[in-house]
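# Observations on the three-dimensional arrangement
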Amino acid sequence: MLRTAWLIARKDLRGEVRSRGVTNQVLPFAGVTMIIFGFALDANTDVLELVAPGLVWLATMFSLLLLVQRTFDVESADGALDAMRVAGGDARASFLGMAIGRAVQRFVPESLLLLAAVVLYAETIPLDGAVLLVTTLISATCGLTAVGTLYGGLAAGSKGRETLLPLLTLPAVAPVLIGATRAVESALGTGTATSSDGWQWVGLLTVFAVAFGVGGALAFGPLIDE
Amino acid sequence: MTTLDPADTSSNDAGDDLVAEARRTPATKATRTIGILTAVAMAFTLLWAFVFTGPDVNQGESVRLMLIHLPTIWVAYLSFTVTALASGTYLFTKKHSLGWDRLAGASAEVGVIFVGLTLIVGALWGRLTWGVFWQWDARLTTTALLFVTYIGYLAVRRLDGSHHQRAKRSGVIGLIAVLLIPLVHWSVRIWRSLHQEATILDTDLDADIDGILLTGVLVGVIAFSLLYVWLVLHRTRVMAMEDLLDDRGLDLALAERRAEAGTAARPTGEDA
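Per chain, residue numbering runs from 1 following the sequence as it is written. All chains are assigned letters beginning at A, and all ligands numbers beginning at 1, according to the order in which they are written. In keeping with the predicted nature of the model, local features appear solely for residues at pLDDT of at least 70, side-chain atom pairs appear and are counted solely at 80 or more, and the whole-chain, interface and lining totals rest on all residues.

## Digging into the overall build of chain B
Counting secondary structure elements, chain B contains eight helices and zero strands. Among the 272 residues that make up chain B, the fraction classed as buried is 37%. We call two residues in contact when their backbone-placed C-beta atoms lie within 7 Å. Taking all contacts inside chain B whose residues are at least 6 apart in sequence as the whole, residues at least 24 apart take part in 79%. To qualify as a helix, a DSSP run of H or I must reach at least 4 residues; to qualify as a strand, a run of E must reach at least 2; elements of each kind are numbered from the N terminus. To assign burial, the other C-beta atoms lying within 10 Å of each residue's own C-beta are counted, with C-beta atoms placed from the backbone; 20 or more indicates buried, 12 or fewer indicates exposed, and intermediate counts indicate partly exposed.

What follows is the structure, encoded as C-alpha cells:
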C-alpha cells in the first residue's frame, strides 16, 4: 500500500513540476490575498501584526481550495481517477498518495505566506518559536490536505463542485484554522501568547490530521468506487 | 423502510398501477395519529410557555423562549444522530438499502430546520438578555458550524448521479459531521464561553432549572420529538416517491398520457 501511495504522490508531484500550477496560480493568489487583507485593515501595522497568524491561515485555506480544485479538475479531465480504479489499486493508497502529494505542494505557499507576514505585517520569528512553527506547519498541513483530498474526491467531476468544495471543506477545517492560528501566535509571541501554550494546539492539530487521514483513507474507496 | 421502494415495484409494468402508485399520499393511519398527538403536545407547550411559566428573576419574559430553544436543539442533535446511524447502516450492511439513505436525508433536512430555529430563537433570546443578537461565543459559533456543515451535507445529496452514488457520498459526510455534536455540546466547558453550561443534559444528571420550567421544557421536548417523527416519516415517503419518479418517470408519463387518451377516446352515454 505504501509503495502505491508513494507512486501516486510522485506522479502528482511530477505533474505539478511540469504544469507549474502552484507557481503560476496558487502562489500569486496567496500573495494577492495577503495584500488585500492589508488594504481591508487600512494598512494598520499594529493591527496587522496582531492578526497576522489568522490571516496567514485564512490565505492558506483559500489557496488550499484552489489547489484541490485544480488538481482534481486535472485528474477528472484526464480520467486519472477512473484509470486508478481500473488498475485495481488500493483506494486507501490512492488517498494517502494524493494527500501526501498535495501536502508537499502546500509547504511552498505556506512558507511563503509566513515570509509575506514577516515582510508585509512586520512580524518577527523568535528563535525559540521556530520549532513550534515548523511543527504547526506540518501538522496543520497534513490535516488540511486530508480534508481537501477527501472532499475534493467527493466533489470531483460533479456539477457545482466550485461552490460545493468550499461549503464542505471550510466548516470541516475550522478546528485547524483555530488551532493553527493559536499555535502560530504562540510561536511568534503575538500578544501575551507564549511558546509553551502552542504545543497543546499542535496536539489538537495532530489528532485532527490522524483522524481525517485514517477516516479519509477508509472512506475514499466507497466515494470513488461508483 | 418504505412500501414505495422502487426495487419493490420493478416487476410491475402496468401503467395504471404506476399512476395509482404515484397518486398515493405519504400519509397513513399511523402518521395521522402522530400528527394529532403532535398538535396536542404543541398546544400543551404553548400553554406552559404563556400560562404556567412566569418571568424569570434575571431573564424576565425571555425565559419563555427556552421552551422552544432547548427542545429544538435536542431534536437537531437527535436528527443528526439518526442521520449518522442510518448512513452507517446503509454503508456497512450488505443490502445497501436506499431506505436507510432516505431516512438519513430526511432526518438531516429536519435537523437543519431545527438548528436554524435554535439559532434564530437563541439570537432573539440573546438580544433580550445579553443586549446583542450574536456573540462570537464558542457554543454559538460551533452551532453555526453544525448548521453550515449539514447544509453542505444536503448539497452533496443534490449532486448529480445515481441514488446509490448519492447514498455513498452523503453517508460518508453524515458519519463525519456527527462528530461535531459533542464539540457543540461541550464547547461551553472546553472554551469557558459566555453561554451557560448544559442545563439538563449535564454530566452530574442534576438539572439546574426551576421545576415548572423543567416540566415545560420536557413537554416541549416531547412535542418537538413527535413533530420530528411526523416530518421524517412524511419526508422519507416523499423521497421514495421522488426516487420512483426519477427511476420510472418516463414510464409514468407514458402511462398517464395513455390513460388520458383512453379517457378521451371512450364514448360517453350521451354520445351513444
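Alright, that's what it looks like, and here's the rest.
## Considering the overall build of chain A
Check the secondary structure of chain A and you find nine helices and zero strands. Counting from the amino terminus, helix and strand elements in chain A follow one another as α-α-α-α-α-α-α-α-α. Against the compact-globule benchmark of 17 Å for 226 residues, chain A has a radius of gyration of 18 Å, which places it among compact chains. Buried residues in chain A amount to 48% of all 226 residues. Contacts spanning at least 24 positions in sequence make up 85% of the contacts within chain A whose residues lie at least 6 apart. Radius of gyration means the value over C-alpha atoms here, while the globule rule gives 2.2 Å times the residue count to the 0.38 power.

## Some thoughts on the nonpolar core
In summary, soluble globular proteins display a tendency toward joint burial of nonpolar side chains. Ranked by internal contacts, the top residues of the largest apolar core, which has 126 residues, are Val-56 and Leu-205 of chain A. When residues of this core are assigned to their parent elements, the largest contribution, 16 residues, is made by helix 8 (residues 211-265) of chain B. Ignoring any residue separated from it by four or fewer positions in sequence, one finds Val-56 of chain A in contact with Leu-113, Leu-114, Ala-117 and Val-184 of chain A. Buried Ala, Val, Leu, Ile, Met, Phe, Trp, Tyr and Cys residues form a nonpolar core when they are connected through C-beta atoms within 7 Å.

## Quick look at the environment of Thr-136 of chain A
Residues and elements named next belong to chain A. Residue placement: Thr-136 occurs in helix 6 (residues 130-155). Separated by 45 residues in the primary sequence, Thr-136 and Thr-181 place their C-alpha atoms 9.2 Å from one another. Setting aside chain neighbours within four positions, we find Thr-136 in contact with Ala-180, Ala-183, Val-184, Ala-187, Gly-198, Val-202 and Leu-205.

## Re the confidence of the model for chain A
As a general rule, the predicted coordinates of low-pLDDT regions are not to be interpreted in detail. Values of pLDDT, which run from 0 to 100, indicate the predictor's confidence residue by residue. Confidence in the prediction for chain A averages 84 pLDDT; 99% of positions are at 70 or higher. When the elements of chain A are averaged for pLDDT, helix 4 (residues 80-86) of chain A gives the smallest value, 75, and helix 6 of chain A the largest, 90.

## Concerning helix 5 (residues 138-157) of chain B
How far a helix is expected to stretch is found by multiplying one less than its residue total by 1.5 Å. The terminal C-alpha atoms of helix 5 of chain B lie 29 Å apart, and with 20 residues this matches the ideal 28 Å at 1.5 Å per residue to within 8%. By the burial criterion, the buried members of helix 5 of chain B are Ala-138, Arg-139, Leu-140, Thr-142, Thr-143, Leu-145, Leu-146, Thr-149, Tyr-150, Gly-152, Tyr-153 and Val-156 of chain B.

## So, helix 7 (residues 161-172) of chain A
The end-to-end C-alpha distance of helix 7 of chain A is 16 Å, a good match for the 16 Å that 12 residues give at a rise of 1.5 Å each. Every buried residue of helix 7 of chain A is accounted for by Arg-161, Leu-165, Leu-167, Leu-168, Thr-169, Leu-170, Pro-171 and Ala-172 of chain A. Contacts from the buried residues of helix 7 of chain A go to helix 3 (45-78), helix 6 and helix 8 (174-188) of chain A together with helix 5 of chain B.

## Quick word on the interface of chain A and chain B
With 13 residues of chain A at the contact, the number on the chain B side is 16 residues. Listed by contribution, the elements that provide at least two residues to the side of chain A that touches chain B are helix 7 and helix 9 (195-224) of chain A. The classification used treats Ala, Val, Leu, Ile, Met, Phe, Trp, Tyr, Cys and Pro as nonpolar, Asp, Glu, Lys and Arg as charged, and all other residues, Gly among them, as polar. Split into classes, the residues belonging to the side of chain A that touches chain B amount to nine nonpolar, two polar and two charged.

## Quick look at unusual backbone geometry
One non-glycine residue, His-96 of chain B, lies in positive phi territory at about 50 degrees. The residue His-96 of chain B is located in the loop between helix 3 (66-92) and helix 4 (98-129) in this model.

## Considering the packing of helix 3 of chain B against helix 6 (residues 163-177) of chain B
Helix-helix packing is characterised by the crossing angle of the two axes and by the distance between the axes. All names here are of chain B. For every element, the axis is a line fit to its C-alpha atoms; helices are fit only across the contacting stretch, and the angle between N-to-C directions ranges from 0 to 180 degrees. Contact geometry for helix 3 and helix 6: axes closest at 8 Å, N-to-C directions at 130 degrees. When the interaxial angle is binned, helix 3 and helix 6 end up oblique. By crossing handedness, the relation of helix 3 to helix 6 is classed as left-handed. Listed contacts from helix 6 to Phe-80, Thr-83, Ala-84, Ser-87, Gly-88, Tyr-90 and Leu-91 of helix 3 are Ala-167, Ser-170, Gly-171, Gly-174, Leu-175 and Ala-177. Taken together, the residues of the contact of helix 3 with helix 6 break down into seven nonpolar, six polar and no charged. Relative orientations are named as follows: roughly parallel for angles under 35 degrees, roughly antiparallel for angles over 145 degrees, roughly perpendicular for angles from 65 to 115 degrees, and oblique for any other angle. When the near helix sits turned anticlockwise from the far one by under a right angle, the crossing is termed left-handed; a clockwise turn instead gives a right-handed crossing.

## A look at the packing of helix 6 of chain A against helix 7 of chain A
Residues and elements named next belong to chain A. Contact geometry of helix 6 with helix 7 gives a least axis separation of 10 Å together with a crossing angle of 150 degrees. What the angle tells us is that helix 6 and helix 7 run roughly antiparallel. Between helix 6 and helix 7 the crossing geometry is right-handed. The residues of helix 7 that touch helix 6, namely those facing Val-147, Gly-148, Tyr-151, Gly-152 and Ala-155, are Arg-161, Leu-164, Leu-165, Leu-168, Thr-169 and Ala-172. Tallied by class, residues from the contact of helix 6 with helix 7 come to seven nonpolar, three polar and one charged.

## Overview of the confidence of the model for chain B
Residue and element names in this part refer to chain B. Averaged over chain B, the pLDDT score is 82; the fraction of residues at 70 or greater is 79%. Per-residue pLDDT stays below 50 along residues 1-12; that stretch engages in 22 contacts with residues further than four places along the chain or on separate chains. Our summary of model confidence lists the complex with pTM equal to 0.78 and ipTM equal to 0.77.

## Overview of the environment of Gly-126 of chain B
Among the structural elements, Gly-126 of chain B can be located in helix 4. With 64 residues separating them in the primary sequence, Gly-126 of chain B and Ser-62 of chain B have C-alpha atoms 9.0 Å apart.

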